[in-house]
Structure formats: structure tokens, C-alpha cells
Amino acid sequence: DGGITQSPKYLFRKEGQNVTLSCEQNLNHDAMYWYRQDPGQGLRLIYYSQIVNDFQKGDIAEGYSVSREKKESFPLTVTSAQKNPTAFYLCASSGGTGISGANVLTFGAGSRLTVL
Amino acid sequence: GQQVMQIPQYQHVQEGEDFTTYCNSSTTLSNIQWYKQRPGGHPVFLIQLVKSGEVKKQKRLTFQFGEAKKNSSLHITATQTTDVGTYFCAGPERTSYDKVIFGPGTSLSVIP
């Protein structure tokens, strides 16, 4: 089945440690995204990538980094510079640019990060 | 920057009652999408509206895109417990089409 796989599902981290969240898709989608969701809150965009080897900052990129070396993969690193990293992280992908239907997002199941 | 707002933030309804959530963008949208997130789950795409004034129906759900393409609504007729969840609207940013901005969501609780 085509879809998006995020791992790990749950992650605990000590303050001061970097952590990398994995996101893999087999939908052959060009664009990939990382969103952060806090309890009772909406989705805030961290980074997005329209094409391999290129990515753009979203609204809350500070303290995060990404890479897009392969079309299928878009890992997110939560660095020690991120002041409040405890959150639910959602990866998504879409079929690419265009007016109609192209930027509909398919989400992974999410990774829940807790900083102790 | 571009903002997408939704009201209400929370809605509690008795099963069988109707429910409506409203979405407003600070700028004109080329399209608007609606997603549903069940408690503990991830957002799932429901529908996309592209044309000004467009109305689409999915069983008990009716989606509408405003004439000015800056607002949208989702109406659920005769809610059921399976409708519980958070409903998000989302749209592409005006200057970067692939940058999809989400509203804060409306959380729906249905009392059996």
C-alpha cells in the first residue's frame, strides 16, 4: 500500500540532545512537509520541500533542520536550540504544484516527541 | 503574513443536531481543503474546493467556498458519534503555492 511512514512513533529525549525523526513516502510525491501540532492546537508548518535537494522554511523553522537527498525521504532534526520541542510532529506529502488537486496532503501517523 | 482562521474553536452538540464550522482567510485562496483528525490520529483529507461559490456534498457533509474565495464552511447534518474529531481548513499561501497553511481547527464533540 502506498503511504507515508514516520518513525519512531514515540520518542523521549533529554534536554540538550538532538533527535532525528524519519519520514519516508512511496507515493512518488514531489512535495513533502513537516508540521508541528501542540495539544489542542492547529498545525504549524516547520519546513517543506518541493523537490529533491531543495527545501523552504515554514513559519516556525527555528531550532529545526531538514534534508531532502532522496525524493522518498524527508528527515527532520529537532536540535537542542529548539526551546519547546515537546509536540506531535506530522510529516505529509503532496503530488506537486498545480492549481487543482495537486497540493492535497497525505499525512503520516505522526511522531510524538517528549523532552524530559 | 497570510492567516487562516476558524470558528468556533470548540463545539459540543447532541447527537442528531447539526454542526457548522467557518473558515476565513486574510487573502484570496486558489483552493481550500478540509481535513478531519480523529482523537489520537492524524489529519485525513476530506475535500478540496476550487471554484468561487462552489458547493460539494459528501453524504451528511456539505462544503461551501465563498464567492470571494476567502471563506469556506463545513456543515454536518444530523451529527453522529463518528463525526467526533477536529476539522481543519487549509489553503496554499498566495506567494508559494506548495506552502499549505492550516487553520487552528474546530474540535467537535458529539454527546450520545
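Chemist: What is the right way to read the overall build of chain A from this model?
Modeler: Broken down by element type, chain A carries zero helices and eleven strands. Put simply, chain A runs from its N terminus to its C terminus through helices and strands in the order β-β-β-β-β-β-β-β-β-β-β. Computed over the C-alpha atoms, the radius of gyration of chain A is 14 Å, within 12% of the 13 Å expected from 2.2 N^0.38 for a compact globule of 116 residues. Considering only residue pairs separated by 6 or more positions, chain A has 53% of its internal contacts joining residues 24 or more positions apart. Per element, the accessible surface of chain A, about 5,600 Å² overall, is 47% carbon and sulfur.

Chemist: Any chance you could explain the state of the cysteines here in plain terms?
Modeler: Note on terminology: disulfide describes a covalent bond linking the sulfur atoms of two cysteines. Residue and element names in this part refer to chain A. Counted under the stated rule, the structure contains two disulfides over all chains. Cys-23 shares a disulfide with Cys-91; S-S distance 1.9 Å. One quick way to see it: the torsion about the S-S bond of Cys-23 and Cys-91 is about -75°, and its sign makes the bridge left-handed. With a gap of 68 residues between them, Cys-23 in strand E3 (residues 19–25) and Cys-91 in strand E9 (residues 87–94) connect regions that are remote in the sequence.

Chemist: What is the right way to read a nonpolar patch on the surface from this model?
Modeler: Residues Tyr-10, Phe-12 and Leu-116 of chain A make up a contiguous nonpolar surface patch of about 400 Å² in total accessible area. Tracing the sequence through the fold places Phe-12 of chain A in strand E2 (residues 10–13).

Chemist: Would you take a moment to explain the interface of chain A and chain B for this structure?
Modeler: Interface size is commonly expressed as the accessible surface area that is lost when the partners come together. Each side of the interface is counted separately: chain A has 26 residues, and chain B has 23 residues. The contact between chain A and chain B buries some 1,900 Å² in all, and 52% of this surface belongs to carbon and sulfur atoms. Scanning the region where chain A abuts chain B turns up one salt bridge. Across the pair Asp-59 of chain A and Lys-99 of chain B runs a salt bridge whose closest N-O atoms are separated by 3.2 Å.

Chemist: Before we go on, may I ask you to explain the nonpolar core in this structure?
Modeler: Considering soluble globular proteins, one finds that nonpolar side chains tend to be buried as a cluster. Trp-34, Ile-46, Leu-76, Val-78 and Tyr-89 of chain A are the most contacted members of the largest nonpolar core, which totals 21 residues. Broken down by secondary-structure element, the contributors of at least two residues to this core are E3, strand E4 (31–37), strand E5 (43–51), strand E7 (64–66), strand E8 (76–78), E9 and strand E11 (111–115) of chain A. If sequence neighbours within four positions are ignored, Leu-76 of chain A has contacts with Val-19, Thr-20, Leu-21, Trp-34, Ile-46, Tyr-64, Ser-65, Val-66 and Tyr-89 of chain A. Residues Val-13, Ile-32, Ile-76 and Leu-108 of chain B belong to the second largest nonpolar core, which totals 20 residues.

Chemist: Where do I start with the environment of Lys-9 of chain A in this structure?
Modeler: Residues and elements named next belong to chain A. Assignment of secondary structure puts Lys-9 in the loop between strand E1 (4–7) and E2. Accessibility expressed as a relative area gives 53% for Lys-9, which makes it exposed. In this structure the C-alpha to C-alpha distance between Lys-9 and Ala-109, which are 100 residues apart in sequence, comes to 7.8 Å. Other than its neighbours up to four places away in sequence, Lys-9 contacts Gly-110, Ser-111 and Arg-112.

Chemist: How do you make sense of the packing of aromatic side chains when you look at a structure like this?
Modeler: The description of an aromatic ring pair rests on the distance of the ring centres and on the angle between the ring planes. Scanning the model with the defined rule gives 13 aromatic pairs over all chains in all. Pairing Phe-107 of chain A with Tyr-35 of chain B gives two aromatic rings, centres 5.9 Å apart and planes at 90°, and the pair type is edge-to-face. Pair noted here: Phe-107 of chain A is in strand E10 (residues 106–107) and Tyr-35 of chain B is in strand E4 (residues 32–37), and the two residues belong to different chains. With respect to burial, Phe-107 of chain A and Tyr-35 of chain B carry one shared label: buried. Plain terms: the ring middles of Phe-19 of chain B and Tyr-87 of chain B are 6.0 Å apart, the flat faces sit at 40° to each other, and that makes the pair tilted. Placement of the pair is Phe-19 of chain B in strand E3 (residues 19–25) and Tyr-87 of chain B in strand E9 (residues 85–92), with a sequence separation of 68 residues. Cluster of aromatic residues (ring-pair linked, three or more members): Tyr-33, Tyr-35, Tyr-48 and Phe-107 of chain A together with Tyr-35, Phe-45, Phe-88 and Phe-102 of chain B. One cation-aromatic arrangement involves Arg-68 of chain A over Phe-74 of chain A; the distance from NZ or CZ to the ring centre is 6.0 Å. Taking the ring centre of Phe-88 of chain A as reference, the NZ or CZ of Arg-112 of chain A above it sits at 4.3 Å.

Chemist: Teacher, can you tell me more about the sheet that holds E3 of chain B here?
Modeler: Adjacent strands of a sheet form backbone hydrogen bonds with each other and so pair up, either parallel or antiparallel. All names here are of chain B. Taken in spatial order, the five strands line up as E1-E3-E8-E7-E6 in an open sheet, and their pairing is antiparallel. Each of the sheet's edge strands pairs with one partner strand only, and the pair in question is strand E1 (4–7) and strand E6 (55–58). Direction aside, the axes of adjacent strands within the sheet are offset by 15° on average. In this structure, E1 lies alongside E3, joined through four bridges in antiparallel fashion. Across the sheet, residue Met-5 finds its bridge partner in E3, namely Asn-24.

Cut-offs applied
- Residues numbered from 1 in each chain as written.
- Chains lettered and ligands numbered in written order.
- Predicted model: local features only at pLDDT ≥ 70, side-chain atom pairs only at ≥ 80, totals over all residues.
- Heavy atoms only, no water.
- Helix = DSSP H or I, 4+ residues; strand = E, 2+ residues; numbered from the N terminus.
- Rg over C-alpha atoms; globule rule 2.2 N^0.38 Å.
- Contact = heavy atoms within 4.5 Å.
- Areas by Shrake-Rupley, 256 points an atom, 1.4 Å probe, with all protein chains shown as cover.
- Disulfide = S-S within 2.5 Å.
- Patch = residues over 30% accessible without salt bridge, like charges linked within 9 Å, V, L, I, M, F, W, Y side chains within 5 Å.
- Salt bridge = Lys/Arg side-chain N within 4 Å of Asp/Glu carboxyl O.
- Buried area = accessible area lost by both parts, 1.4 Å probe.
- Core = buried A, V, L, I, M, F, W, Y, C linked by side-chain atoms within 4.5 Å.
- Buried < 20%, exposed > 50% of the residue type's maximum accessible area, 1.4 Å probe, protein only.
- Phe/Tyr/Trp six-rings, centres within 6.5 Å; stacked < 30°, edge-to-face > 60°.
- Lys NZ or Arg CZ within 6 Å of the ring centre and 35° of its normal.
- Pairing = 2+ DSSP bridges.
- Axes fitted to C-alpha atoms, helices over the stretch in contact; angles between N-to-C directions.

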